[in-house]
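As a plain string of letters, each chain reads:
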Amino acid sequence: MFGKPMKTWMLSALTAVMVFTLTTACSSSNDGKKPDSGSKEKVITLRMIESLTSPSRTALIKASIDKFMAQNTNIKVELISPPFDQADNKIRTMLAAKQPLDVLEVRDLNVAEFVNNNYVEPLNDYTGSWSDFGTVTAVAKSVASVKDKLYFIPNGLYQRQLFYRADWLKEAGINAPVTYEELVNASVKLTDAAKNRYGFSFRGGPGANGVPDTLIQAYDADKINVDDAMFLKDGGTIYSSPEAKTALDLYVKLYKEGSPPDSINWGFQEQVQAFTSGVTAFLLQDPDVIQVLGENMQEGTWATAPMPTGPSGKAMISAGGAGWGITSHSENKEAAWKLITFLSSPEENTQLSKSHGTVPIHSSATEDEFFQKGPYKTLLDMTNKPDTFINFKPPFEYPANGQWGTVAMESGQAMLLGQTSVEDTLTKWNEYWAKAKADMNK
Amino acid sequence: MIALRKQRTYILLSLLPALVLLLIFTFYPFLQGVVMAFQNYVLFDLTNVRFIGFQNFVTAFQDAKFLKAMTNSAYWVFFSLTFQFLIGLSLALILRKPFKGRGVYQGFIFYSWALSGFLIGLIWKWMFNSQMGVINDLLMRIGLIDTRIGFLSDPDWAMSSVIIANVWYGIAFFAIMLLAALQSVPADLYEAADMDGAGSIRKFVNVTFPFILPTIIATTLLRAIWIFNDPTIIYGLTNGGPAGTTHILSSLMLDKIIYGGDYGMASAIGVTMIGILILYTIFYLFVTKSEKVGDF
């Protein structure tokens, strides 16, 4: 087939390619350890991944990282920013495959899962060396902890409040609702399908469990176990009380009589879009929508109110958040911690909170005038009335919480469509959490 | 003799890189997937990975959602394929004869094929939106409806709506493939038919159709498999909702991974899908007499 010279030539070419591949493969795996003869100091490369990505937030984080690198010339940071929808999956896959990764954005939703699989490093031993740790709020620490151990430093906190169309309410002569019952009644009153106007920006798609869970918790407020808020003081789940049935009936009424029928599928985007485009009057959301509302709606047409309360005049509120943690397999933990303390410093964190619309993690920052007025004021007002707005920690420690959103969404949709009854749905939810507790204590 | 053996060794050596790549990136993941189908493999708890026999399959076949996804898959493939093919064929027949602006028109028709399925899902999701969507708005303006339809939220409408989006997506494929086949029909066959006094229907049945039949068989076979396997449009449009009424097998598989982290169950669904596809292909090739396939 081939002449001898040709064959020899090709064989040597093949060998050359293989040798080249092998040497480059070896040298690249040595990259981090090889002393750099060019500079005096060893340059450490930190690989960092974020989860709650959005173009504007990524730009803010990148600017902070650049500042950090200018101050620390021996540390180089590579930021990975996957699209938001796939980010958590990407992080999970990278962790499972032990790919090089030093700093990662851990979320309240997945911290238990990461701790369970031993992916993240506890930070308690590191915090002693950080002078700003003293002003980190208790809520921020609580969000980031699993069983007394701190696993990340939040980069911002999220807390829900009620956004409403001030102009519509004034026109209809309705006051801003204080209780859930008032909210539902106002929603029904404002609904006029012929005009394509509805009361409530309902969310039946991804993230649907937020409203029914807090509604039921508000109705259970006198019986609830604040430290384990999916359960009552008597040990049963929050879905096992008679109040839960009343609350869920109200929730179904809110959808059927006061919300767009289409909203059974809606997620975050549609829910916010319906409010900004003048389809709905009420929206329960985190402060990160403040910027969107400010950009898309006329001033004076919208305002904020505290979370609605239950029949006993109390509401259960919780803060959520995400933040920076260190992977347990990182080889540059000290440098990673240095980066985290820089990003979490009062200056950097307050700046991110202002630009991105989150609650800052340092108590010193709330004195800033920016957070004393407008839509942020309601959040502070809620914090200042701890007897009415009872703070609880969401069930992030339960591995079962990871799947709860999907389970609640699907069974909730079946209930709203009338395929299953309110009672059967409560039974199902009750069983899910009873099992979650049993699995946890195994 | 020695030369021959040397040559063989050389050929094998040359093939080795390709074979190794194929093994690593195609066969290993495939086999791993089959193994996972028999494991309890949930990402939330990797400390508890173990073999559980056919348990994943048993759970799947007892799950109403899985059974619903099976029937939905059948509807999804049958209606999507039928309408994509019929409309694609009509367009190809229209585009066969040259007319002014044909190139531009062709460009518009083939455009959908250049978009990603996920993106198409997102676009149609806003179009179908009952409060803010353009479809409801148009229907109301024309006066066809007086109350808005929840295309994606009403279980009676949801499956038809995702199929409509999928039909729109796939028409271009048939139009492109069938137009190419039509253009290769020799002109003298039509001349001969003209001399025999055949009308246009007769010409289509006796000349055009037999000539493009191999292409039709090959494209419909391929397309059915793609439609069956492709969850992107459903993922973007409804994500299987409301209440799981629009899941097909592939979107349900994706759902198990993304929202449940349950790789074992997802793999079991994947293996079931492979089984269905093998049966389908054997049946299809048998019915359509396979020797005609291939030369398109």
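What you are looking at is a predicted structure, and each value in this text was computed from that prediction instead of being measured. (Residues numbered from 1 in each chain as written. Chains lettered and ligands numbered in written order. Predicted model: local features only at pLDDT ≥ 70, side-chain atom pairs only at ≥ 80, totals over all residues. Heavy atoms only, no water.)

Trainee: Help me understand the overall build of chain A in this model?
Mentor: The secondary structure content of chain A amounts to 17 helices and 13 strands. Counting over 442 residues, chain A shows a buried share of 51%. Total accessible area computed for chain A in this model is approximately 19900 Å², and 54% of it derives from carbon and sulfur atoms. Charge-centre separation for chain A: the mean point of 42 positive side chains lies 5 Å from the mean point of 51 negative side chains. (Helix = DSSP H or I, 4+ residues; strand = E, 2+ residues; numbered from the N terminus. Buried < 20%, exposed > 50% of the residue type's maximum accessible area, 1.4 Å probe, protein only. Areas by Shrake-Rupley, 256 points an atom, 1.4 Å probe, with all protein chains shown as cover. Lys, Arg positive; Asp, Glu negative; His and termini not counted. Charge placed at Lys NZ, Arg CZ, Asp CG, Glu CD.)

Trainee: I'm lost on the sheet that holds strand 2 (residues 75-80) of chain A in this one. Help?
Mentor: All names here are of chain A. An order of 2-1-3-12-6 is seen for the five strands of this open sheet, with the pairing classed as mixed. Each edge of the open sheet carries a strand with a single partner, namely strand 2 and strand 6 (153-159). Neighbouring strand axes in the sheet, compared pairwise and without regard to direction, differ in orientation by 20° on average. Here helix 3 (residues 84-96) sits on the sheet in contact with strand 1 (44-49), strand 2 and strand 3 (103-107), set at roughly 120° to strand 3. (Pairing = 2+ DSSP bridges. Axes fitted to C-alpha atoms, helices over the stretch in contact; angles between N-to-C directions. Contact = heavy atoms within 4.5 Å.)

Trainee: Explain the environment of A144(A) to me, please; I cannot follow it from the model alone.
Mentor: Residues and elements named next belong to chain A. With respect to the helices and strands, A144 occurs in the loop between helix 6 (138-143) and strand 4 (145-146). Of the residues examined, A144 reaches a relative accessible area of 0% and is grouped as buried. C-alpha separation for the pair A144 and Q86, spaced 58 residues apart in sequence, amounts to 22 Å. With sequence-adjacent residues up to four places away left out, A144 is seen in contact with K149, L150, Y151, F152 and P154.

Trainee: How should helix 9 (residues 200-229) of chain B be read in this particular structure?
Mentor: Given 3.6 residues per helical turn, the α-helix brings residues three or four places apart onto the same face. Over its 30 residues, helix 9 of chain B runs only 38 Å from end to end, short of the ideal 44 Å by more than 12%, given 1.5 Å per residue. The largest bend along helix 9 of chain B measures about 50° and falls at F209(B), with the proline P210(B) one to four residues further on. (Expected span 1.5 Å × (residues − 1). Bend = angle between axes of the 7 residues up to and from the residue.)

Trainee: How should the pairing of strand 2 of chain A be read in this particular structure?
Mentor: Residue and element names in this part refer to chain A. Burial along strand 2 is one-sided: I75, V77 and L79 are buried, and none of K76, E78 and I80, which face the opposite way, are. With six bridges joining them, strand 1 and strand 2 adopt parallel strand pairing. Residue pairing in the sheet places L46 in a bridge with V77 of strand 2. Note that the unit made of strand 1, helix 2 (residues 55-71) and strand 2 has a crossover that is right-handed. (Right-handed = clockwise from strand over helix to strand, strands pointing away.)

Trainee: Would you explain the environment of G244(B) in this entry?
Mentor: By the element assignment, G244(B) lies in the loop between helix 10 (232-237) and helix 11 (249-258). G244(B) sits in the buried class, given a relative accessible area of 5%. C-alpha of G244(B) to C-alpha of F66(B): the two residues are 178 residues apart in sequence and 9.3 Å apart in space. When neighbours within four sequence positions are excluded, G244(B) is seen to be in contact with Q413(A) and K68(B).

Trainee: Would you explain the interface of chain B and chain A in this entry?
Mentor: One widely used convention gives an interface's size as the accessible area the parts lose upon coming together. The interface of chain B with chain A comprises 31 residues on the first partner and 33 residues on the second. For the pair chain B and chain A, the summed buried area comes to about 3000 Å², and 55% of that belongs to carbon and sulfur atoms. Taken as a group, Y10(B), F44(B) and Q131(B) account for 25% of the area that chain B buries against chain A, more than any other trio of residues on that side. Across the contact surface, chain B and chain A share two salt bridges. Taking the shortest distance from any N to any O, the salt bridge between K65(B) and E410(A) comes out at 2.6 Å. Taken together, the connections running from chain B to chain A amount to eight residue pairs in polar contact (both at pLDDT 80 or more). Elements supplying a minimum of two residues to the side of chain B that touches chain A: helix 1 (2-36), helix 5 (117-128) and helix 11 of chain B. At three residues, helix 1 of chain B tops the list of elements feeding residues into the side of chain B that touches chain A. Split by residue class, the side of chain B that touches chain A holds twelve nonpolar, 13 polar and six charged. (Buried area = accessible area lost by both parts, 1.4 Å probe. Salt bridge = Lys/Arg side-chain N within 4 Å of Asp/Glu carboxyl O. Polar contact = N/O pair within 3.5 Å; in protein donor to acceptor, adjacent residues only side chain to side chain. Nonpolar A, V, L, I, M, F, W, Y, C, P; charged D, E, K, R; others polar.)

Trainee: Explain unusual backbone geometry to me, please; I cannot follow it from the model alone.
Mentor: Outside of glycine, negative phi angles account for most residues, and trans bonds account for most peptide bonds. Residue and element names in this part refer to chain A. Within the chain, K98 stands out as a residue other than glycine whose phi angle is a positive 50°. Its location among the elements puts K98 in the loop between helix 3 and strand 3. Within the chain, D148 stands out as a residue other than glycine whose phi angle is a positive 70°. When you line up the elements, D148 lands in the loop between strand 4 and strand 5 (149-150). The class for D148 is exposed, based on a relative accessible area of 74%.

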